[in-house]
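Analysis of the macromolecular model
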Amino acid sequence: MTPSDVKATLSFSDGSPSMDLPIYKGTVGPDVIDIRKLYGQTGKFTYDPGFLSTASCQSTITYIDGDKGELLYRGYPIEQLAVHCDYLDTCYLLLYGELPNSEQRGTFHQRVLNHTMVNEQMQFFLRGFRRDAHPMAVMTGLVGALSAFYHDSTDINNPEHREIAAIRLIAKMPTLVAMAYKYSIGQPFIYPKNDLSYAGNFMRMMFATPCEEYKVNPVIERALDRIFILHADHEQNASTSTVRLCGSSGTNPFAAIAAGVACLWGPAHGGANEACLNMLTEIQAKGGVAKVGEFMNQVKDKNSGVKLMGFGHRVYKNYDPRAKLMQETCKEVLLELGLENDPLFKLAMSLEKIALEDDYFVARKLYPNVDFYSGIVQRAIGIPVQLFTAIFALARTVGWIAQLNEMISDPEYKIGRPRQLFTGAAARTVKPVEQR
Ligand code: SDX
C-alpha cells in the first residue's frame, strides 16, 4: 500500500490533543485511514458495527467496484474469465495470482483430480445425520471433520501444508456435496471418475447410479463450471471475513473453511439463493406474475419483514455483474433442456423489470445479485433447492483458501480481536439471594 501525501487530522471539540492519521492508497478503490495508533494515543476506539466503513486487511485477490458493477479476480474482469477460462484455471489464478500456462494448467488440474476421493470413514459421519438433514448442516460437519484426517497438512504456518490443504479442499468439496445429496435421497455414493472435468465429475457423482452409464451433457457441464467461476471469490464478504478471523487464531485450514461454510448458510448471504427460489415458488403458487404487485407492496412495507431475496448488496449499488452472467447461463440451460418457457424464470424476469422501475428499489440502489438467477438454473439442472448453498460453498472454497493463505503469509498478521462500546452494567456487588 502507498502512503498518501494527504493526512487525516482528528481533532476534539473539548480541546483534547488532535492527532494526524496516515492515509494509504491501493491500486484502485477507496483510500484507507490508518487508525492502528488511535487507541494508544487517544484511548478511544472507532465504532463500525457491520464494518460498513472499515477495511479489515489489504488484499491483492479480488476487487469490486460497487458503483460500476465491476468484479475483478486478480485484475481480470469476471465477464472475461467466465468466457475464456474454466473453474480450475480460476482456482489457479486466485491461489497463485496469475492464469496458468498450458503446462501449469495440466499439472494443477491433475493435482486436483488426484485428491477427489475422501477417506472411506467420511461416510460414517453422514450416517449420523437424518436423511432429511439440511445439506449445509451436513457440510459444516463434514468439512470440519476433514481436519481429523489430515494431521500432515494442518500446520497453517507451513506453506507446503497450506498448499496441499488447498488442493485437498478444492478437490474434495464436490465429492462431499454429492455425498450429502446421495445420502439425502437414499442412493449409493458415486466415486469420482478422474477422466472427467471438475464440473463433469461433480455432475456424475450427483446424478449417476451404479445401474447405468452416465453421459455428461456438455451444455450443463459448461453452465455449472461457469456457476462455480461466478461464486469463486468476492473480497471481504461475511463468510470470507469469518474464515480470516477464524484462521487468525492459527487453527487448521479445514476448521477455518468449516466456519466459512457455517456463515455462508445465512439467508442474508449464501442462503439467499435457496430463499430466492422459495420466494419465486411461493409467488408462483399464489398466481405468478399477476401477484407480483401485491408481493412488491409487502416488500415495501417495512413491517412485513419481507425482502425481495436475491436483490440488494452491501457493495454493489449497480447491477451485480455475476447476475447478468447468471441470467445468460439460465437462458442457455433452459433452452438446452427445452424449458425456455419455465414459469419461474419468466416470473423472475418480470420481478426484476418491475423492481428496476420502482422508486423504492431505485432510491435504494437495489439490483439483482448473484443469488437472483442462480437458483433457477440449478433447479433446472435437477439440483434440489436445499443444496444450492452447498454448491455456493463448493465454489467459494477456493476464494476462502486464497484469502486465508494471503493473510497467514503476511508476516505482520495478528489474531483478530475487535473491541466494543460497553453499555452494560458498571461494576456492582452480588447480594445474597434472600436480598435480591
Ligand atoms: C451474497 O458481501 C458479499 O459479497 C456477499 C456475496 C458474495 O459473493 O459473497 O455477494 C453473496 O450474500 C449476496 C447477497 C444475498 N442476499 C440477499 O439477496 C438477501 C436480500 N438482500 C438483503 O438482505 C440486503 O440487500 C443485503 C443483506 C444483501 C445487504 O444489506 P445491507 O447492505 O446491510 O443494506 P440494508 O439491509 O441496510 O438495506 C438498505 C435499505 C434498507 O431499507 P431502508 O431501511 O433504508 O428503508 O434497502 C432495503 C433495506 O430494508 N433492502 C431491501 C433489500 N435489500 C435491502 N428491501 C427489500 N428487499 C431487499 N432485498
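Along each chain, numbering runs from 1 in the same order as the chain's sequence is written. Reporting in this predicted model follows two pLDDT cut-offs: at least 70 for local features of residues, and 80 or more for side-chain atom pairs to be given and counted; totals over whole chains, interfaces and linings ignore these cut-offs and use all residues. Hydrogens and water are ignored here; the side-chain numbers use all heavy atoms of the structure.

Labelled according to an unreviewed UniProt entry, the chain appears under the name Citrate synthase, originating from Ideonella livida. UniProt positions are given in the numbering used here, feature names are shortened, and annotations may be inferred rather than shown by experiment. For the chain, the Sequence similarities (unreviewed entry) comment in UniProt is given as "Belongs to the citrate synthase family."

Turning our eyes to something else, we now look at the UniProt feature "active site" (unreviewed entry) in the chain. Taking the UniProt record as the reference, the feature "active site" (unreviewed entry) is found at His313 and Asp371. The largest pairwise C-alpha distance within this set of annotated residues, which runs over 59 residues, is 10.5 Å, so the set is compact in three dimensions. Per the convention used, a helix needs a DSSP run of H or I reaching at least four residues, while a strand needs a run of E reaching at least two, with both numbered from the N terminus. When you line up the elements, His313 lands in the loop between α13 (292-300) and α14 (321-336). Relative accessibility thresholds used throughout: buried, under 20% of the residue-type maximum; exposed, over 50%; partly exposed, between the two (1.4 Å probe, protein chains only). Judged by relative accessible area, His313 falls into the partly exposed class, the value being 23%. Throughout, a residue-residue contact means that at least one pair of heavy atoms, one from each residue, lies within 4.5 Å. Apart from the residues lying within four places of it in its own chain, the contact partners of His313 are His234, Arg322 and Asn369. Relative to the assigned elements, Asp371 resides in helix α17 (residues 371-381). With residues up to four places along the chain from it excluded, the contact list for Asp371 reads His269, Gly270, Ala272, Asn273, Cys276, Gly310 and Phe392.

Pairing between two strands is assigned when DSSP locates at least 2 bridges connecting them. An order of β1-β2-β3 is seen for the 3 strands of this open sheet, with the pairing classed as antiparallel. With partners counted over all chains shown, the strands left at the sheet margins are β1 (2-10) and β3 (32-33), one partner each. Note: strand β2 (residues 19-25) against β3, 2 bridges, orientation antiparallel. In the strand pairing of β3, Tyr24 is matched with Val32.

Here the expected span of a helix is defined as 1.5 Å times the quantity of residues minus one. With 27 residues, helix α7 (residues 159-185) extends 39 Å from end C-alpha to end C-alpha; this agrees with the ideal 39 Å at 1.5 Å per step. Axes are fitted to the seven residues ending at a residue and to the seven starting at it; the angle between these axes is taken as the bend at that residue. Of all the bends in α7, the greatest reaches close to 35° and is centred on Lys172; the proline Pro174 follows between one and four positions later. Most of α7 is tucked away: 22 of the 27 residues are buried. A 3.5 Å cut-off defines polar contacts: any pair of N or O atoms within that distance qualifies, except that in protein one atom must be a possible hydrogen donor and the other a possible acceptor, and neighbouring residues in sequence count only when both atoms are side-chain atoms. Measuring from the side-chain oxygen of the N-cap residue of α7 to the backbone nitrogen of Glu160 gives 2.8 Å; that N-cap residue is Asn158.

Here the focus is the nonpolar core. Where a protein is soluble and globular, its nonpolar side chains tend to be buried together. Membership of the largest hydrophobic core comes to 119 residues, with the highest contact counts inside it found for Tyr87, Phe228, Met279, Leu308 and Leu351. Per element, the largest residue contribution to this core is 15 residues, and it comes from α7. Boundaries between domains were set according to an automatic or database domain assignment. The residue makeup of this core includes at least three contributed by each of domain 2 (75-270) and domain 3 (272-381). When residues no more than four places from it in sequence are discounted, the contact partners of Tyr87 are Tyr198, Asp225, Phe228, Ile229, Ala232, Leu394, Ala395 and Val398. What makes a nonpolar core is a set of buried Ala, Val, Leu, Ile, Met, Phe, Trp, Tyr and Cys residues whose side-chain atoms join them at distances within 4.5 Å. Membership of the second largest hydrophobic core comes to 5 residues, among which are Met19, Leu21, Ile23 and Leu38.

Before going further, it helps to examine the pattern of salt bridges. Should the charged atoms of two oppositely charged side chains come close, the side chains can pair. Only one rule defines a salt bridge in this text: a Lys or Arg side-chain nitrogen within 4 Å of an Asp or Glu carboxyl oxygen. This structure, assessed with the given rule, holds 17 salt bridges. Here Glu332 ties to Arg226 by a salt bridge, and the two come within 3.3 Å at their closest N and O atoms. Taken as a pair, Glu332 in helix α14 and Arg226 in helix α9 (residues 218-230) lie far apart in primary sequence, 106 residues in all. Looking at Glu332, the relative accessible area reads 35%, which means it is partly exposed. On the basis of relative accessibility, which here comes to 10%, the residue Arg226 falls in the buried class. In this structure, the salt-bridge partner of Asp342 is Arg379, at a minimum N-O distance of 3.5 Å.

What follows deals with the packing of helix α3 (residues 87-96) against helix α4 (residues 102-113). The geometry of α3 relative to α4 is characterised by a closest axis approach of 10 Å and an angle of 100° between their N-to-C directions. With respect to α4, the element α3 is oriented roughly perpendicular. Contacts between α3 and α4 involve Leu88, Asp89, Cys91, Tyr92, Leu95 and Tyr96 on the former and, on the latter, Gln104, Arg105, Phe108, His109, Arg111 and Val112. Considered class by class, the residues forming the contact of α3 with α4 number 7 nonpolar, 2 polar and 3 charged. For helices, the axis comes from a line fit to the C-alpha atoms of the stretch in contact; other axes are also lines fit to C-alpha atoms, and the angle between any two N-to-C directions lies between 0 and 180 degrees. Roughly parallel covers angles under 35 degrees, roughly antiparallel covers those over 145, roughly perpendicular covers 65 to 115, and oblique covers all other angles. Note that Gly is not counted as nonpolar here; it falls among the polar residues with everything else outside the nonpolar set of Ala, Val, Leu, Ile, Met, Phe, Trp, Tyr, Cys and Pro and the charged set of Asp, Glu, Lys and Arg.

A few words on the sheet that holds strand β6 (residues 76-77). Consider a sheet: its strands pair through backbone hydrogen bonds, and that pairing is either parallel or antiparallel. The antiparallel open sheet is built from 3 strands, whose spatial order is β4-β5-β6. For this open sheet the edge positions go to β4 (62-65) and β6, each flanked by a neighbour on one side alone.

Throughout, the term near means that a residue has one or more heavy atoms lying within 4 Å of the molecule or strand in question. Around the ligand, the surrounding shell holds 24 residues, and the nearest of these are His234, His313, Arg314, Arg322 and Arg396. In the environment of the ligand, an oxygen atom lies 3.1 Å from a nitrogen or oxygen atom belonging to the side chain of Lys302. In the complex, 76% of the free accessible area of the ligand, which totals 1,100 Å², lies under the protein chains. Of the residues that constitute the shell around the ligand, the class distribution is 10 nonpolar, 7 polar and 7 charged. Taken together, domain 2 (75-270) and domain 3 (272-381) each give at least three residues to the shell around the ligand, which thus spans both. In this description, accessible areas are obtained by the Shrake-Rupley approach with a 1.4 Å probe, and a residue is regarded as covered only by the protein chains that are shown.

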